[in-house]
Amino acid sequence: MSDDSPFVFRFSTLEDGQMPNASEDDPVRRDHLKHFLHKAGFDLERSNQLSLAHESGIFVLRRDGSYGKVAKTDGVIVPDARQVWGRVVVMSLADCFPVFLEDKVRRIAGLVHAGWRGTLAKIVPSLVELMVSYGSTPHDITAIIGPGIRSCHLEIRRDGCLEAFIKKGYGGEEFVHSEGELYFADLPAIFMNQLRSEGVTDAIDTEECTFCLEQKYPSFRRDGNGNRFAAYIGAKT
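Quick caveat, the model's predicted, so the values are computed rather than measured. (Residues numbered from 1 in each chain as written. Predicted model: local features only at pLDDT ≥ 70, side-chain atom pairs only at ≥ 80, totals over all residues. Heavy atoms only, no water.)

Its place among the elements puts Q49 in strand β2 (residues 47–50). Here the side chain of Q49 touches S47 through a polar contact of 2.4 Å, side chain to side chain. In contact with Q49, not counting residues within four places along its chain, are A22, L44, G68, K69, V70 and V90. (Helix = DSSP H or I, 4+ residues; strand = E, 2+ residues; numbered from the N terminus. Polar contact = N/O pair within 3.5 Å; in protein donor to acceptor, adjacent residues only side chain to side chain. Contact = heavy atoms within 4.5 Å.)

The structure is reproduced here in structure tokens:
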């Protein structure tokens, strides 16, 4: 984000080490996360870690809220940066996308974890609508789409998964393309469509694919293991 933003949004790479999920006690991975947060002046002990459910639940970060794990939650909103200086909320990912939204005018921001299930559950529009309920206007919101698995490798099954895309209105060629008998989904294209539908027109896509960039990001689809990168939103002190 820009220097005048009260928020910090970051995602790690393999150079930062493997990152833990919210329920993991691996001391090496937690040490990686500790050092990653410390680079921007944040403290792991003053953090919240989201235990992801691949749905659309969004956690509200408040001044009097406790630290630690937040169960079955796939996003966070910070209604007022001034009330939570120095706090940070972290999630771990392997192919799903971190999507960050910020309204610098009213100092409101949020971060969501969006895989294909959360995308179809409309977690990105849900965050926009929640920000609006706290006073944002869509034309003041900027979106950043982080790294994730792109349409070059996000294969979806014909039975069940493809039907879910079609049922939710995302079965068109701009969202799903076929290569022979295989189907591939373009989640960033869906994010952009959802954002426009909510009136958000300022959106930046990093255009990074976790599957393709094997020297930079872990990928479950590529590697089939439990390695992850981290993404966080924090309020500057």
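That covers the picture; the talk isn't over yet.
Enumeration according to the criterion identifies 8 salt bridges in this entry. For the salt bridge of K39 with D16, the shortest nitrogen-to-oxygen distance reads 2.5 Å. Within this pair, whereas K39 is found in the loop between α1 (27–38) and β2, its partner D16 is found in the loop between β1 (7–11) and α1, the two being separated by 23 residues in sequence. According to the relative accessible area criterion, K39 is exposed, its value standing at 63%. Here R150 and D205 are joined by a salt bridge, their closest N and O atoms 2.9 Å apart. Of the two residues, R150 is situated in the loop between β9 (141–145) and β10 (155–156) and D205 in strand β13 (residues 202–205); the sequence distance between them amounts to 55 residues. Classification of R150 as buried rests on a relative accessible area of 11%. Connected through salt bridges with shared partners, the residues D103, R106 and D140 form a single ionic network. (Salt bridge = Lys/Arg side-chain N within 4 Å of Asp/Glu carboxyl O. Buried < 20%, exposed > 50% of the residue type's maximum accessible area, 1.4 Å probe, protein only.)

A full pass over the atoms with the stated rule returns 9 aromatic pairs. Taken together, a centroid distance of 4.7 Å and an interplanar angle of 5° make the contact between F9 and F100 stacked. Separated by 91 residues along the polypeptide, F9 in strand β1 and F100 in strand β7 (residues 97–103) bring together distant segments of the chain. Just as F9 is buried, F100 falls in that class too. Ring plane angle 85° and centroid distance 5.3 Å describe the contact between Y170 and F175, whose orientation is recorded as edge-to-face. Both residues of the pair, Y170 and F175, belong to the buried class. In textbook terms, an aromatic cluster arises when at least three aromatic residues are bridged by ring pairs, as seen for F9, F11, F100, Y217 and F229. (Phe/Tyr/Trp six-rings, centres within 6.5 Å; stacked < 30°, edge-to-face > 60°.)

We now examine the pairing of strand β12 (residues 182–185). Each regular strand shows side chains that alternate between the opposite faces of the sheet. Strand direction decides the pairing type here: β10 and β12, joined by 2 bridges, are antiparallel. The partner of E155 across the bridge, within β12, is F184. Where strand β11 (residues 176–179) lies against β12, 4 bridges are found, and the strand directions are antiparallel. Residue pairing across strands places V176 opposite A185, the latter belonging to β12. Hairpin connection between β11 and β12: a loop of 2 residues separates the two successive antiparallel strands, and G180 in this loop has a positive phi of roughly 65°. (Pairing = 2+ DSSP bridges.)

A separate point is the sheet that holds strand β4 (residues 68–70). One open sheet accounts for 5 strands, arranged β1-β14-β6-β2-β4; its pairing is mixed. The sheet is open, and its two borders are formed by β1 and β4, each paired with just one other strand. Looking at each pair of strands side by side, their axes are set apart by 20° on average, direction ignored. With 3 bridges joining them, β2 and strand β6 (residues 88–93) adopt parallel strand pairing. Within the sheet, the bridge partner assigned to S47 lies in β6 and is V88. Here α1 sits on the sheet and contacts β1, β6 and β14 (229–235); the angle it forms with β14, its principal contact strand, is near 40°. (Axes fitted to C-alpha atoms, helices over the stretch in contact; angles between N-to-C directions.)

The geometry of a pair of packed helices is captured by two quantities: the angle between their axes and the separation between those axes. Direction vectors running N to C along helix α3 (residues 123–133) and helix α5 (residues 187–197) enclose 30°, while the axes themselves pass 9 Å from each other. One finds that α3 runs roughly parallel with respect to α5. Relative to α5, α3 is oriented so that their crossing is right-handed. Across the interface between the two elements, V124, P125 and V128 of α3 pack against F191, Q194 and L195 of α5. The residue inventory of the contact of α3 with α5, partitioned by class, reads 5 nonpolar, 1 polar and no charged. (Parallel < 35°, antiparallel > 145°, perpendicular 65-115°, else oblique. Left-handed = near helix turned anticlockwise from the far one by under 90°. Nonpolar A, V, L, I, M, F, W, Y, C, P; charged D, E, K, R; others polar.)

A word on α5. Every α-helix carries 3.6 residues per turn, so stepping three or four residues along brings you back to the same face. Within the sequence span of α5, burial applies to L187, P188, A189, I190, F191, Q194 and L195. Immediately beyond the C-terminal end of α5, within one or two residues, lies G199, with a positive phi of roughly 90°.

Next up on the list: empty space enclosed by the protein. Any empty space left between the atoms is revealed when a probe the size of a water molecule rolls over them. Summed over the entire model, instances satisfying the criterion amount to 1 cavity of 30 Å³ or more. Reported here for the largest cavity is a volume of approximately 70 Å³. Along the walls of the largest cavity sit M19, P20, N21, A22, R30, L33, Q49, L50, V90, M91, S92 and A230, which together make up its complete lining. Among the secondary structure elements, those contributing two or more residues to the lining of the largest cavity are α1, β2 and β6. A per-element tally of the lining of the largest cavity places β6 first, with 3 residues. (1 Å grid on protein atoms, 1.4 Å probe; cavity = no way out; pocket = protein on both sides within 12 Å on 5 of 7 lines; lining within 4 Å. Points joined across faces, edges and corners; volume = space filled by probe spheres on them.)

Take it as geometry only, folks, not as evidence of what the structure does.
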